[in-house]
Amino acid sequence: MNALIELRDLAVHFPVHRGLMSGTSGAIKAVDGVTLEIARGETLGLVGESGCGKSTLGRAVVGLTQPTGGTILIDNKPMTRDRRVQMIFQDPSASLNPRMTVGAAIAEPVRLNGLRHGRAAVVARMHELLDLVGLPQSATHRYPHEFSGGQRQRVGIARALACEPDVIVCDEAVSALDVSIQAQIVALLEDLQGRLGLTYLFIAHDLGALKHISHRVAVMYLGKIVEVAPKAELFANPRHAYTRALLSAIPVPDPMVERQRKRIILSGDIPSPANPTSGCRFHTRCPVAIDRCRSDEPDWQEMSPGHHTACWRANELVELMPDALSLSTSDARR
Amino acid sequence: MQLLELEGLHVAFSTDRGEAKAVNGIDLSLKESETLAVVGESGSGKSVTALAILGLLPKRTAMVRADALRFDGRDLMALSEEQLRAMRGKDIGMVFQDPMTSLNPVLTIGRQLSEIGEVHLGMTRATAQDHAADLLDQVGIPQAKARLRDYPHQFSGGMRQRVGIAMAIACKPKLLIADEPTTALDVTVQAQVLELLAELQAEMRMAIMLVTHDLGVVARIADRVLVMYAGSVVETGSAEAVFSRTGMPYTRALLRSVPRLDQADEGPLRPIRGSPPDVMRLAKGCSFAPRCDLVEARCHLGQPPLARCGPDHQAACVLVEPTA
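Conventions used here
- Residues numbered from 1 in each chain as written.
- Chains lettered and ligands numbered in written order.
- Predicted model: local features only at pLDDT ≥ 70, side-chain atom pairs only at ≥ 80, totals over all residues.
- Heavy atoms only, no water.
- Buried < 20%, exposed > 50% of the residue type's maximum accessible area, 1.4 Å probe, protein only.
- Helix = DSSP H or I, 4+ residues; strand = E, 2+ residues; numbered from the N terminus.
- Pairing = 2+ DSSP bridges.
- Core = buried A, V, L, I, M, F, W, Y, C linked by side-chain atoms within 4.5 Å.
- Contact = heavy atoms within 4.5 Å.
- Axes fitted to C-alpha atoms, helices over the stretch in contact; angles between N-to-C directions.
- Salt bridge = Lys/Arg side-chain N within 4 Å of Asp/Glu carboxyl O.

Draft legend 1. Up close: the pairing of strand β10 (residues 224-229) of chain B. Residue and element names in this part refer to chain B. Most of β10 sits out of view: six of its six residues are buried. Going residue by residue along β10, you find Arg-224, Leu-226 and Met-228 tucked away on one face and Val-225, Val-227 and Tyr-229 tucked away on the opposite face as well. Sheet topology places strand β3 (residues 35-39) next to β10; four bridges connect them, and they run parallel. When the bridges of β10 are listed, Val-38 appears paired with Leu-226. Pairing geometry for β10 and strand β11 (residues 232-238), over six bridges, is antiparallel. Pairing of Leu-226 across the sheet is with Thr-236, part of β11. Where β10 folds back on β11, the antiparallel hairpin that results is connected by two residues, among which Ala-230 adopts a positive phi of roughly 50°.

Draft legend 2. Region of interest: the nonpolar core. Counting 75 residues, the largest nonpolar core has Ile157(A), Leu161(A), Leu189(A), Phe202(A) and Leu207(A) as its most contacted members. It is helix α6 (residues 179-196) of chain A that provides the largest number of residues to this core, a total of seven residues. Dropping the residues within four chain positions of it, Leu161(A) is found in contact with Arg125(A), Leu129(A), Leu132(A), Val133(A), Ile168(A), Leu192(A), Leu196(A) and Leu198(A). Counting 38 residues, the second-largest nonpolar core is a separate cluster that includes Leu28(B), Leu57(B), Ile177(B) and Ala207(B).

Draft legend 3. Structural view of the sheet that holds β3(B). Residue and element names in this part refer to chain B. Taken together, the eight strands give an open sheet; going across it, the order is β7-β8-β9-β3-β10-β11-β13-β12, and neighbouring strands pair in mixed fashion. Looking at strand neighbours, the two that pair on one side only are β7 (92-95) and β12 (307-310), the edges of this open sheet. Taken pair by pair, the neighbouring strands of this sheet meet at an average axis angle of 20°, ignoring direction. Contacts from helix α11 (residues 249-256) reach β10 and β11 within the one sheet, and its direction differs from that of β10 by about 100°.

Draft legend 4. Broad picture of the sheet that holds strand β1 (residues 3-17) of chain A. Residues and elements named next belong to chain A. As summarised here, the arrangement of the four strands in space is β2-β1-β4-β5, forming an open sheet in which the pairing is antiparallel. Each edge of the open sheet is held by one strand with a lone partner, namely β2 (24-39) and β5 (77-78). Bridge count between β1 and strand β4 (residues 69-74): five bridges; the pairing is antiparallel. The partner of Ala-11 across the bridge, within β4, is Gly-69. In the packing of helix α1 (residues 54-62) onto the sheet, the strands contacted are β1, β2 and β4, and the crossing angle to β1 comes to about 120°.

Draft legend 5. Representation of the pairing of strand β3 (residues 43-47) of chain A. Residue and element names in this part refer to chain A. Most of β3 sits inside the fold, with five of its five residues counted as buried. Pairing of β3 with strand β8 (residues 199-204), which is carried by five bridges, proceeds in the parallel orientation. Among the inter-strand pairings, Leu-44 is bridged to a residue of β8, identified as Leu-201. One ladder, built from four bridges, connects β3 with strand β9 (residues 216-221); its direction is parallel. Across the sheet, residue Leu-46 finds its bridge partner in β9, namely Ala-218.

Draft legend 6. Geometry of the pattern of salt bridges. Going through the model one piece at a time under the given rule, you end up with 41 salt bridges over all chains. The partner of Asp75(A) in a salt bridge is Arg40(A), with the nearest N and O atoms 3.5 Å apart. Here Asp75(A), found in the loop between β4 and β5, pairs with Arg40(A), found in the loop between β2 and β3; they are 35 residues apart in sequence, far enough to count as distant. Residue classification places Arg40(A) among the partly exposed positions, given a relative accessible area of 46%. For Arg281(B), the salt bridge is made with Asp278(B), and the minimal N-O distance between the two is 3.1 Å. Taken together, the salt bridges that share partners define one network made up of Glu258(A), Arg261(A), Arg263(A), Glu195(B) and Arg220(B).

Draft legend 7. Region of the structure containing α11(B). Burial runs high along α11(B): six of the eight residues are buried. For α11(B), the complete set of buried residues consists of Pro249(B), Tyr250(B), Thr251(B), Ala253(B), Leu254(B) and Leu255(B). In this structure, the buried residues of α11(B) make contact with α6 of chain A together with α9 (215-221), β10, β11 and α10 (239-244) of chain B.

Structure below.
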């Protein structure tokens, strides 16, 4: 694969300080040895629950958090903070300066990066960007609070695009929006990808939007990637116990399907990333864990082309955890 | 017999910009051990409806008016503030979205839980403590007795919501009003909490009014559905009817705009264009008309009333063919 972004054994550990004098005592291993590639023009979906490290991973890719180990390559060269990698945040009202007009907020990165010279050229580019994200030119002189959440997210996207990036990290970019608006933003991101050849790292805890936009999906649990596969393959044939439990937990908006589904209810919450357990990190909540899962960390195995998983029981899961989202039954009904 | 009956609820808030009409004449009813989901996007009036039933809207800014509001044979509108307070938390339990803000951070979980037993059930402090431990155990918190001494911040989000549910069911209420109870939780934890609610409901035969924006959650646990848009009910009926024989274009568009995990790729998304209307300036016609793909001239004449479009199924759309 011709990777645009390559993560090699990336680690981000945050030191834990207990008390003023005692120095550091351990570390929160937010990201703990992640190897991933994202091809040019591809959308990689990254899914996981709160505290699994997905946002930290995203921030490291943009250069907002310094990795403590491993490397990030862009176009085969080590990356530092780079205009070519931009980020869209979850809460557009928190990421926009309330005292700056939308026009000024979008023009600023154009000017600071020296992408256009002269006032007229910067303004023309700003208008172009507004148009690109589907905002009227009249937005130029208005302030963020005058816009709805969906429109503010469009401003956030315009601001990211102003830097003319190759890669955009979307960190829960649609999670705070109403469902009807989520779909608008996802459609916009897809349209922009087609027009500008963008590469996305789409981080979300909600699989709905993620499933729609991604080409490949990576599942993260406690600082590690536990499964990566092409989208269709991951949803049709998940090969990690955690992925299966996650898919089973997500309700489908159809009462007839819901009634037929077999639930896999996990016990407990995600453990603290300060002292991850031995073996497979999911074993404390896994309904099908065996002794080997508690002692040995699972190998990263390729199940089919492009489908990797780290689960000792990958080959038995179809029987052990019967699939909740059987595509065949719901399609037959329709 | 209906446990809860609400007819013609209107809620308006006085604001600096004028009167915001949050709820415009809605009816709803709920039977024993039934789950009614009130669905809508932000600003649709779903949470305001729940708060109006509980009598928890601020008296100074909210103007609440209803033709009837009966719970368990009693007229809630005729009750004094004190009688309402005695009823809330006892006969009607409440669960809110964010358990962190609904728990007192400086009191132990045990103190907050046993207070309910003392206030509503007349227990002694010691019995109330045992009762509190039983409740924590019932909502699946391990080592319940020991955890009574802990403070809210020592619990995870999912655990806190379990505590919130424990508080809500402490007096075995006949009705539980849950406003986005799982929205702040992770999906695997959400699944646990929904399962817990279903178990408790089966055990205690309580009715649940679930306020949510998540159509998946609705499909999982609701018996009946009420879809709200701009302060009005636009569709209501059994969950089966609303999901599979959808009558109102808004509901259909909403269902279409949710990407589904159980279906292979469905082509480009079809989002609903525009955004929800401003409740300060509601137009005369159907409030969804400006965003509707099937809009006709008559849609702008007036808000269409809810019309029967099948057994236990009503929708408010000029296109609905009324059935007898």
